[in-house]
Amino acid sequence: MVRSMPAFDRRTFLTSLAAGVAAAAVGPGALSESEPHRASAAGQSTLSRDLAVPAYTPLPLGAVRPTGWLARQLRLQADGLTGHLDQFWPDVADSQWFGGKAEGWERAPYWLDGAIPLAWTLDDAPLKARIATYVNFIVDHQRADGWYAPYPEDAVRKRYDMWAILLANKALVQYHDATGDARVLAAVRKSLGAIAGGLDRTPLYNWGKFRWYEGLVSVFYVYERTQDPGLLDLARKLRAQGVDFEALFATDDLSVPTPRRGLWRWTKHGVNTAMATKASALSWRLDQRASDRAWSTAMIAFLDRYHGQATGMFSADECLSGKSPLQGSELCSVVEFMYSLETLFSVFGDPLFGDRLEKIAFNALPATLAPDMWSHQYDQQVNQAQCTINPDARWSTNGPESNLFGLEPNYGCCTSNLHQGWPKFASHLWMRTPDAGVALAAYAPSRATFDSRGVAVTLSLDTDYPFRDTLALTVAPERPVHFPVVLRVPAWATGATVRIGTEAAIPMAPGTMHRLERVWSGRVEMAIHFPMAPVIVERYNGAVAIERGPLVYALEIGESHTRVNADKPHRELPHGDFEVRPTTPWNYGLVSDGDGVTGLAFEERPLGARPFSPDGAGMVATARARTIPSWQIDAGWAAEIATPDSASADPSRRVTNEPEQTVALLPYGCTNIRITEFPRLT
Ligand SMILES: [Zn+2]
């Protein structure tokens, strides 16, 4: 099966979205009500005073616990950089937020924003205790006028950027959600009061102006618990002073890739862009503007069309940089896009946001983190033949160390911000429906508890998905209770079924939310099957990529690691920097038989202790390929692949007389170096 390029353009996205709503899932006969998926109407009918209720609401932090491979992954993270950054990296360990003398702006709040959901999702007592100390310090040192301690005494008179305070409050409300500590809720409310006054004197500018909607996260959280109408005035003030992204995209030509050594621009900044994909969803909760709902899909479709990558990300290194698989996606933009998609799914309930979330979580996120979770890249490449210190690199504006694995390659933002990726993914897997039920936003092994009409319900999902296509879902209420269980059916899952107990399997329509509504009693076991058919996707310059289910597959390349920068501060192992070079050929084209790839086959493997590593991959593939001798390293990277009929790159990079052989492919997220977009050899 071949999909034409662009794989996910605006029209495709909107058409499939409309089809998904039109084909809204209906329940299985007598077990369920045949009613449309509620998300399409949510908000029109479910208003809490002035703030629309989301289609699905995340469960309180700590209600979802990881099991299986997800528990191993989060434990790797807690035993790796996240669980130790506050003990040795000055910008967190000696942060002004915690009474120190180092950085006092975004870095400690960034770390808290990921460390808090990690600690409470894992129930890691030592990490929880350290975080409590830090949060208590922030609250204890808040000034009487509401400003947090790192801000200068003359903050009320001096112009300063509000961004880090918006970020800190977003982290602090998670702490309140997990602990119920009333002092923290009061501190955030007081801070929001100070911000409201501050905005009258100094309107948003720079980071705060491009990230205004991050403030709405804490504003809405406090509003839902206090019903203070002044908070919605603050939300509208932030929106009025912030960037209108729909207007920006309509007037600024953001489709053009930023040239090498091009001009760094606020409007083309990749992390801002990833964060801003949720601005419309948060804005929609204020006044339910139809334009906000439409823009939430149109903005992502625009990014796919002009900057989309095989992983579901868009390139920006660090400004928007086009569709070439050599351009980079910054780690901050990966974790921010994930959080945006969690928010978009929550607010609008459209299953396509869940599909995209899984694609990024299972591919782009683990690929750019070392398997031991101690080092990371700044920029990842879809075709990444090697990761070296490279002064010739053709990033738009980033530096020569940007695809190195290390402690703080290129710049330390990702070092402090990477932590939210896996923990927020875990805490957003299960969500509450407006009618006392539960919905599955994304799938990974986990357990959750929630309360339905006063009855405690335990839920569990046992699976090696995405490395397997079967999932065992158990619903166990304390006593019989009626509620819906709503399953996201991925758009790729043709032939999806769910079987309840020993009953007949029920078909589920791909790209819908499938509603199972009944009186749940005892322990009910369900078997879900999402068949995964291989898909060949046509991409940049006529190259092809291989997908199967939510996973993208890439060439397995032997790798050698070289330690570098050992003389730089804080690079003592295990948090050192290293280059990765190939030890086996990478310059393969895939042999094509018509529409497909010759000899493409998949084989299950036991899932390893490090599920996202070359050795731990739970699924591998093979395909027929030939090396292309003229396709070599150029300026430190795999050379650009030639189009079949253009002189834009050397056409000999598609010509080969080398013998055909079988090559191994790994899930993209399990690779450190890789080729993902292959020349097609016919
Ligand atoms: Zn970053």
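Parameters and conventions
- Residues numbered from 1 in each chain as written.
- Predicted model: local features only at pLDDT ≥ 70, side-chain atom pairs only at ≥ 80, totals over all residues.
- Heavy atoms only, no water.
- Helix = DSSP H or I, 4+ residues; strand = E, 2+ residues; numbered from the N terminus.
- Rg over C-alpha atoms; globule rule 2.2 N^0.38 Å.
- Buried < 20%, exposed > 50% of the residue type's maximum accessible area, 1.4 Å probe, protein only.
- Contact = heavy atoms within 4.5 Å.
- Areas by Shrake-Rupley, 256 points an atom, 1.4 Å probe, with all protein chains shown as cover.
- Lys, Arg positive; Asp, Glu negative; His and termini not counted.
- Charge placed at Lys NZ, Arg CZ, Asp CG, Glu CD.
- Pairing = 2+ DSSP bridges.
- 1 Å grid on protein atoms, 1.4 Å probe; cavity = no way out; pocket = protein on both sides within 12 Å on 5 of 7 lines; lining within 4 Å.
- Points joined across faces, edges and corners; volume = space filled by probe spheres on them.
- Donors = N, O, S within 2.8 Å, 3.2 Å for Na, K, Ca; no water.
- Tetrahedral: all angles 85-135°; square planar, octahedral: opposite > 155°, others 65-115°.
- pLDDT = per-residue confidence, 0-100.
- Salt bridge = Lys/Arg side-chain N within 4 Å of Asp/Glu carboxyl O.
- Phe/Tyr/Trp six-rings, centres within 6.5 Å; stacked < 30°, edge-to-face > 60°.
- Lys NZ or Arg CZ within 6 Å of the ring centre and 35° of its normal.
- Disulfide = S-S within 2.5 Å.
- Expected span 1.5 Å × (residues − 1).
- Bend = angle between axes of the 7 residues up to and from the residue.
- Axes fitted to C-alpha atoms, helices over the stretch in contact; angles between N-to-C directions.
- Parallel < 35°, antiparallel > 145°, perpendicular 65-115°, else oblique.
- Left-handed = near helix turned anticlockwise from the far one by under 90°.
- Nonpolar A, V, L, I, M, F, W, Y, C, P; charged D, E, K, R; others polar.
- Core = buried A, V, L, I, M, F, W, Y, C linked by side-chain atoms within 4.5 Å.

(A) Structural context of the overall build of the protein. Broken down by element type, the protein carries 19 helices and 29 strands. The C-alpha radius of gyration of the protein comes to 24 Å, within 12% of the 26 Å expected for a compact globule of 682 residues. For the protein, the C-alpha atoms occupy an extent of roughly 75 × 65 × 50 Å along the three principal directions. Sorting the 682 residues of the protein into buried and exposed places 65% on the buried side. A fraction of 73% describes how many contacts in the protein between residues 6 or more apart in sequence connect residues 24 or more apart. A total of about 22,600 Å² of accessible surface is found on the protein, and carbon and sulfur atoms cover 52% of it. Across the protein, the centroid of the 65 positively charged side chains sits 3 Å from that of the 74 negatively charged ones.

(B) Representation of the sheet that holds strand β10 (residues 446-452) in the model. A sheet is described by the order of its strands in space; here 7 strands give the open sequence β5-β10-β11-β12-β17-β14-β15, paired in antiparallel fashion. The open sheet terminates on both sides in strands that have one partner only, identified here as β5 (64-66) and β15 (506-507).

(C) Inspection of the layout of surface pockets at higher detail. Volume-wise, the second largest pocket comes out at about 670 Å³. Considering the residues around the second largest pocket, the lining is formed by 27 residues, among which P58, V217, Y221, Y339 and H428 are closest to the centre. Elements with a minimum of two residues in the lining of the second largest pocket: β4 (57-58), α7 (163-179), α10 (214-226), α14 (279-287), α16 (331-348) and α19 (421-427). Looking at the lining of the second largest pocket, the element that brings in the most residues is α10, giving 6 residues.

(D) Fine view of the coordination of the zinc ion. Within the first shell, the zinc ion binds the protein through E330 (OE), C332 (SG), C413 (SG) and C414 (SG), at distances of 2.1 to 2.3 Å. One way to put it: the 4 donor atoms around the zinc ion meet at angles of 97 to 122°, and that makes the site tetrahedral. Read in sequence order, the donor residues coordinating the zinc ion give the pattern E-x1-C-x80-C-C. Taken together, the residues E330 in strand β6 (residues 329-330) and C414 in helix α18 (residues 413-417) connect sequence positions 84 residues apart. On the basis of relative accessibility, which here comes to 2%, the residue E330 falls in the buried class. With relative accessibility at 0%, the residue C414 sits in the buried group.

(E) View of the confidence of the model for the protein. Averaged over all residues, the pLDDT of the protein is 92; the fraction at 70 or higher stands at 91%. The low-confidence segment residues 1-48, where pLDDT is below 50, has 96 contacts with residues more than four positions distant or belonging to other chains.

(F) Main features of the pattern of salt bridges. Applying the stated criterion to the full structure yields 36 salt bridges. Two residues, K424 and D113, come together in a salt bridge whose shortest N-O distance is 2.8 Å. Taken as a pair, K424 in helix α19 and D113 in helix α5 (residues 107-122) lie far apart in primary sequence, 311 residues in all. No difference in accessibility class separates K424 from D113, as the two residues are buried. Between E214 and K278 there is a salt bridge, with the nearest N and O atoms lying 2.5 Å from each other. One end of the pair, E214, is in helix α10; the other, K278, is in the loop between α13 (270-276) and α14, and 64 residues separate them in sequence. Grouping residues by exposure puts E214 and K278 together as buried.

(G) The side chain of T627, seen in detail. Residue placement: T627 occurs in strand β25 (residues 619-627). T627 gets classed as buried once you look at its relative accessible area, which sits at 14%. Look past the residues within four positions of T627 in its chain and what remains in contact with it is P585, N587, Y588, T656, E658 and Q661.

(H) Examining the packing of aromatic side chains more closely. Taken as a whole, this structure holds 39 aromatic pairs when the rule is applied. Ring geometry for W69 against F362: centres 6.0 Å apart, planes inclined by 75°, an arrangement best described as edge-to-face. With W69 in helix α2 (residues 68-79) and F362 in helix α17 (residues 351-367), this pair connects stretches of sequence that are 293 residues apart. The exposure class assigned to F362 is buried, which follows from its relative accessible area of 0%. When the ring of Y213 is compared with that of F245, the centres are 6.0 Å apart and the planes differ by 70°; the resulting orientation is edge-to-face. With Y213 in the loop between α9 (206-210) and α10 and F245 in helix α12 (residues 245-251), this residue pair connects regions lying 32 residues apart in the sequence. On the basis of relative accessibility, which here comes to 0%, the residue Y213 falls in the buried class. These aromatic residues form a ring-pair network of at least three members: W69, F362, W422, F425, Y443, Y465, F467, W492, F530 and F612. One cation-aromatic arrangement involves R107 over Y411; the distance from NZ or CZ to the ring centre is 4.9 Å.

(I) Geometry of the environment of S346. In this structure, S346 sits in helix α16. S346 gets classed as buried once you look at its relative accessible area, which sits at 6%. Filtering out sequence-adjacent residues up to four positions away, S346 remains in contact with P54, A55, Y56, T57, P58 and M431.

(J) Examining the state of the cysteines more closely. Across all of its chains, the model carries 0 disulfides by this definition. For C387, which is in no disulfide, the shortest distance to another cysteine sulfur is to C414 and amounts to 14 Å.

(K) Structural detail: helix α15 (residues 290-307). Compared with the 26 Å implied by 1.5 Å per residue over 18 residues, the 26 Å span of α15 between its first and last C-alpha is a close match. By the largest-angle criterion, S296 marks the main kink of α15, which is about 30°. If you check which residues of α15 are buried, you get D292, W295, S296, T297, A298, M299, I300, A301, F302, L303, D304 and H307.

(L) Structural context of the packing of helix α8 (residues 182-201) against helix α11 (residues 229-241). Interaxial distance between α8 and α11 falls to 10 Å at its minimum, and their mutual angle equals 40°. Taken together, the axes of α8 and α11 are oblique relative to one another. Considering how the two elements wind past one another, α8 and α11 form a crossing that is left-handed. Along its contact with α8, which presents L192, I195, A196, L199 and D200, the element α11 presents L231, L234, K237, L238 and Q241. Its residues placed into classes, the contact of α8 with α11 shows 7 nonpolar, 1 polar and 2 charged.

(M) Up close: the nonpolar core. Core analysis: the largest hydrophobic core is formed by 218 residues, its most contacted members being I131, F245, W422, F425, W430, L487 and F530. In terms of residue count, α16 provides more of this core than any other element does, 12 residues in total. Ignoring anything within four residues of it in the chain, the contact list for W430 reads P58, L59, V64, V438, A439, L440, S446, A448, L459, S460, L461 and L473.

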